[in-house]
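Structure at a glance
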Amino acid sequence: MDGALHCRRASVPEGPIDIAVLASGSGTNLQAMIDNPAVRPHISLVLSDRSGALALDRAGAAGIPSQVVAWSDHADRDSFSVAVADNVEASGAKGVILAGFMRVLAPSFLDRFPDRVLNIHPSLLPAFPGAHAVEQALAHGVKVTGVTVHFVDEQVDHGPIVLQEAVAVQPGDDWDSLEARVHEVEHRLFPAAVRALAEGRIRTDGRVVRVFEEAPA
Ligand code: GRF
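Okay, so let's go over this structure. (Residues numbered from 1 in each chain as written. Predicted model: local features only at pLDDT ≥ 70, side-chain atom pairs only at ≥ 80, totals over all residues. Heavy atoms only, no water.)

Below, the discussion takes up helix α3 (residues 54-62). Three- or four-residue spacings in an α-helix give side chains the same orientation, since the helix completes a turn every 3.6 residues. Residues of α3 that are buried include every one of A55, L56, R58 and A59, and no others. Viewed end-on, α3 has its buried residues packed into an arc of 160 degrees, placing them on one side of the element. Opposite the buried face of α3, by more than 90 degrees, sit the exposed residues D57, G60 and A61. Trailing α3 by a residue or two, G63 shows a phi angle of about 75 degrees, which is positive. (Buried < 20%, exposed > 50% of the residue type's maximum accessible area, 1.4 Å probe, protein only. Helix = DSSP H or I, 4+ residues; strand = E, 2+ residues; numbered from the N terminus. Arc of directions from axis to C-beta.)

Structure follows, in structure tokens:
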């Protein structure tokens, strides 16, 4: 798969779709989607690579089907990614939301959901990609960091940007205080982007993404 190829063409209009949410951890972003009445009906599956993920409990409490696909049950990234994609498709989902999912999926996964995999990252990309964005923002001394929701392509934290919002770094901030404010923004921004994807209100043209108020005809 070449995610960039998918993103270079203008995407075609599409109707409402269901989505699967993939999460490895506490799932506060999943909870924000569950709590959003316009997003919740679109969630057909919550899938985790970790059987102990709190995200699975959140799915259960909301009555959403959940599934564990353990990394250790698979020989390599490709077979793990095929298993995840098979479960997503079986749920009826046509979009995939990475909400703190700590595994990198194989390019073949993106081929199966072209222009329909969203990720959230706790910085203003392209600054501070990778697993330690909040620490790196503090260490670098930036005055403004933020949150990015983007389409996933074959490079980590790289695909076309759907929504971004800035978070000011305050004097005296530490990881806990800054991360808490970043999370607050995430919980507003991510459901808005997921809702737009599910309602068919996003169009891409190369790296440029437009989010419409209503689905274009
Ligand atoms: C979020 O900070 C997100 O930006 C990053 O993983 C974290 C997930 O948090 N990709 P939660 O599990 O949703 O609380």
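Another aspect to go through is the site of the ligand. Every residue near the ligand is listed here: S26, G27, T28, N29, G100, I120, H121, P122, H183 and E186. A distance of 3.0 Å is found between an oxygen atom of the ligand and a side-chain nitrogen or oxygen belonging to S26. Contacts to the ligand include H183, whose side-chain N or O atom sits 3.1 Å from an oxygen atom. The fraction of the free accessible surface of the ligand (370 Å²) that becomes covered by protein chains is 82%. For the shell around the ligand, the elements supplying multiple residues, two or more each, are α2 (28-34), β5 (117-121) and α7 (175-198). Looking at the shell around the ligand, its residues break down into 2 nonpolar, 7 polar and 1 charged. (Near = heavy atom within 4 Å. Polar contact = N/O pair within 3.5 Å; in protein donor to acceptor, adjacent residues only side chain to side chain. Areas by Shrake-Rupley, 256 points an atom, 1.4 Å probe, with all protein chains shown as cover. Nonpolar A, V, L, I, M, F, W, Y, C, P; charged D, E, K, R; others polar.)

Counting buried positions along strand β6 (residues 144-151) yields 7 of 8 residues, so the element is predominantly enclosed. Here β5 pairs with β6 via 4 bridges, running antiparallel. Bridge pairing in β6 places I120 opposite V149. The sheet contact formed by β6 and strand β7 (residues 161-168) spans 7 bridges and is antiparallel. Following the sheet pairing, T148 is matched in β7 by Q164. (Pairing = 2+ DSSP bridges.)

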